[in-house]
Amino acid sequence: MPEREDDLSLLVDAARRAGEIATRHWKQGPQVWDKPGGEGPVTAADLAVDEMLRTTLTAARPDYGWLSEETPDTPARLSRRRTFIVDPIDGTRAFIDGSRDFAHSLAIADRGQVTAAVVYLPVKDRLFAAAAGRGATLNGVPLAASTRDIEDQATILTSRPNLRPEHWRDAPPPVARHFRSSLAYRLALVGQGRFDGMITLRDSWEWDIAAGALIVAEAGGAISDRHDRTLVFNNPVPQLPGVLAAAPALHRQLMARLVGAA
């Protein structure tokens, strides 16, 4: 357990340093490039944050692997027991647009399971954190996920395409839809209990999910992939087949409706 405590402190300190770098670029017209293959934009801030995180974290834990959205992936991480899983700026489009909802998402996976996690929104100064078996917090205050047990008007963070009829048995669930750009932030908000659930049915990169997944679980929420399977991280192809996080009873109800769930 002391090792996990130290790991969380390491992530917290790194996330705050990331926030200092990002906010220096925010609303300052940072240089923007389009990634190949339609993978979206990347900015000078993403790259600066990634470089700092990679240098700082791997120096502190040289035996840990490294997986980041902004670092070319290699098979080396697959042979490591523990791996950093990082999104330097989650919600890059929101960052470019001057929104305050971008986040830094930092996690450590131990043999596929996340053991320490931070989602930090520097402009809002909201730091979500969790360690396995130790609960989740927002700025040091313990979190508790929603306990909603009915679908009707449950508040769900999701994009409009996820509620198309073809994804659901009989009909889409009668939920109230909301949205935030950062997937990590959406998960953190479910852990906070501000929203009852979060749905993404598209294949999702691990760096968008890993930190928020532990925050949801440690706050008492339920989380799985779209097939109702346990999330496992540090895969050879670092993607998950969609994610559904919600209050436990609501999670069961949504899974019962979802086409393709186990």
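Thresholds applied
Residues numbered from 1 in each chain as written. Predicted model: local features only at pLDDT ≥ 70, side-chain atom pairs only at ≥ 80, totals over all residues. Heavy atoms only, no water. Buried < 20%, exposed > 50% of the residue type's maximum accessible area, 1.4 Å probe, protein only. Helix = DSSP H or I, 4+ residues; strand = E, 2+ residues; numbered from the N terminus. Contact = heavy atoms within 4.5 Å. Salt bridge = Lys/Arg side-chain N within 4 Å of Asp/Glu carboxyl O. Polar contact = N/O pair within 3.5 Å; in protein donor to acceptor, adjacent residues only side chain to side chain. Pairing = 2+ DSSP bridges. Core = buried A, V, L, I, M, F, W, Y, C linked by side-chain atoms within 4.5 Å.

Asker: Got a minute to help me understand helix H6 (residues 248–257) in this structure?
Answerer: Three- or four-residue spacings in an α-helix give side chains the same orientation, since the helix completes a turn every 3.6 residues. Listing the buried residues of H6 in full gives Ala 249, Leu 250, His 251, Leu 254 and Met 255. Looking at the buried positions of H6, the neighbouring elements they touch are strand S10 (155–157), strand S12 (197–205), strand S13 (222–225) and strand S14 (239–246).

Asker: Would you mind going over the pattern of salt bridges with me for this structure?
Answerer: Close approach of charged atoms lets side chains of opposite charge pair. Scanning the model with the defined rule gives eleven salt bridges in all. Across the salt bridge formed by Asp 50 and Arg 54, the nearest N and O atoms sit 2.7 Å from each other. Separated by four residues within a single helix, Asp 50 and Arg 54 lie in helix H2 (residues 44–60), roughly one turn from each other. When the shortest N-O distance is used, the salt bridge between Arg 229 and Asp 225 registers 3.0 Å. Classification of Arg 229 as partly exposed rests on a relative accessible area of 46%. Each of Arg 81, Arg 82, Asp 110 and Arg 111 takes part in salt bridges that share partners, so that together they form one network.

Asker: Is there a simple way to think about the side chain of His 167 in this case?
Answerer: Secondary-structure assignment places His 167 in the loop between S10 and strand S11 (176–178). Reaching out from His 167, the side chain makes a polar contact with the backbone oxygen of Pro 161 at a distance of 3.5 Å.

Asker: So what exactly am I meant to see when it comes to the sheet that holds strand S3 (residues 65–68) here?
Answerer: Whether parallel or antiparallel, the strands of a sheet pair through hydrogen bonds between backbone atoms. The seven strands lie next to each other as S3-S4-S5-S6-S7-S8-S9, forming an open sheet whose pairing is mixed. In this open sheet, the two edge strands, each paired with only one partner strand, are S3 and strand S9 (141–142).

Asker: Sorry if this is basic, but what is going on with the nonpolar core here?
Answerer: The tendency in soluble globular proteins is for nonpolar side chains to be buried as a group. In this structure, Val 119, Phe 128, Ile 209 and Phe 233 are the most contacted members of the largest nonpolar core, which totals 39 residues. Every element with two or more residues in this core is listed here: strand S5 (103–110), strand S6 (113–121), strand S7 (126–131), strand S8 (136–138), helix H4 (183–192), helix H5 (206–218) and S14. Sorting elements by how many residues they give to this core places H5 first, with eight residues. Apart from the residues within four sequence positions on either side, Ile 209 is in contact with Leu 183, Leu 187, Ser 204, Leu 231, Phe 233, Leu 240 and Val 243. Core analysis: the next-biggest nonpolar cluster, separate from the first, contains 30 residues, Ala 15, Tyr 64, Phe 84 and Val 118 among them.

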